[in-house]
Amino acid sequence: MYKTILVPVDGSAMAMRGLDVAAELCRTFGARLITLCIYRHHSPLEASLSMVRARGEQQRPDDALKSYASDIATAAKERAQKAGVEDVASHAKRGQPARAIVEFADEHDCDLIVLGARGNGDLEGFLLGSVSHKVASLTRKQCLIVR
């Protein structure tokens, strides 16, 4: 039924629940799983106060955000592998979260997008609606929103 399942992750508990459900679906259908973490650089100040970790050497905010997003996607990949999913890939991508997820799903021919109902969103997400809601309204792909 499903060949490729996309799970956007941000390190939140809800995203991990979505990952666990997606892993179960992958085992059931023999599907490929792709984890994706989107990072978004707003400004040097905002970036430095949100996701940038100290590493001893100074990094450009975009480089630090990409590294952090890659770490989140890789940790999700490892969790899925431990859950018994054999074919797993991880990616980090810069962009506006909902649109970047939809574009990625189209580019990688994903059959299903599994999202946590809420993640580590920002104030914009609170005011305008969650990323999961935006993804479901923008994509033509099937979506499963996990609570």
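Procedures and definitions
- Residues numbered from 1 in each chain as written.
- Predicted model: local features only at pLDDT ≥ 70, side-chain atom pairs only at ≥ 80, totals over all residues.
- Heavy atoms only, no water.
- Core = buried A, V, L, I, M, F, W, Y, C linked by side-chain atoms within 4.5 Å.
- Buried < 20%, exposed > 50% of the residue type's maximum accessible area, 1.4 Å probe, protein only.
- Helix = DSSP H or I, 4+ residues; strand = E, 2+ residues; numbered from the N terminus.
- Axes fitted to C-alpha atoms, helices over the stretch in contact; angles between N-to-C directions.
- Parallel < 35°, antiparallel > 145°, perpendicular 65-115°, else oblique.
- Left-handed = near helix turned anticlockwise from the far one by under 90°.
- Contact = heavy atoms within 4.5 Å.
- Pairing = 2+ DSSP bridges.

Before going further, it helps to examine the nonpolar core. I5, V7, V9, L19, L33, V85 and V114 are the most contacted members of the largest nonpolar core, which has 26 residues in total. Counting residues per element, this core draws most heavily on helix 1 (residues 13-29), which supplies 7 residues. Of all hydrophobic cores here, the second largest spans 14 residues; its members include I101, V102, I113 and V135.

Glancing now at the packing of helix 1 against helix 3 (residues 61-82). Relative orientation of the contacting elements helix 1 and helix 3 amounts to 40°, with a least axis distance of 10 Å. Taken together, the axis directions place helix 1 and helix 3 in an arrangement best described as oblique. Read as a crossing pair, helix 1 and helix 3 show a hand that is right-handed. Of the residues in helix 3, those touching helix 1 at M16, L19 and D20 are A76, R79 and A80.

What follows concerns the packing of helix 4 (residues 97-107) against helix 6 (residues 131-138). Contact geometry for helix 4 and helix 6: axes closest at 9 Å, N-to-C directions at 45°. Comparing their axes, helix 6 and helix 4 come out oblique. Like other packed secondary-structure pairs, helix 4 and helix 6 cross with a definite hand, here right-handed. The residues of helix 6 that touch helix 4, namely those facing P97, A98, R99, I101 and V102, are V131, K134, V135 and L138.

Sheet architecture is open: 5 strands sit in the order 3-2-1-4-5, paired in parallel fashion. Of all the strands in the sheet, the pair left with one neighbour each is strand 3 (88-94) and strand 5 (142-146). The sheet shows a mean angle of 25° between the axes of neighbouring strands, direction not considered. With 5 bridges joining them, strand 1 (residues 4-8) and strand 2 (residues 32-39) adopt parallel strand pairing. Bridged to V7 within strand 2 is T35. Together, strand 2 and strand 3 form the strand contacts of helix 3, whose direction differs from that of strand 3 by roughly 160°.

Everything listed is a geometric property; what it means functionally is a separate question.
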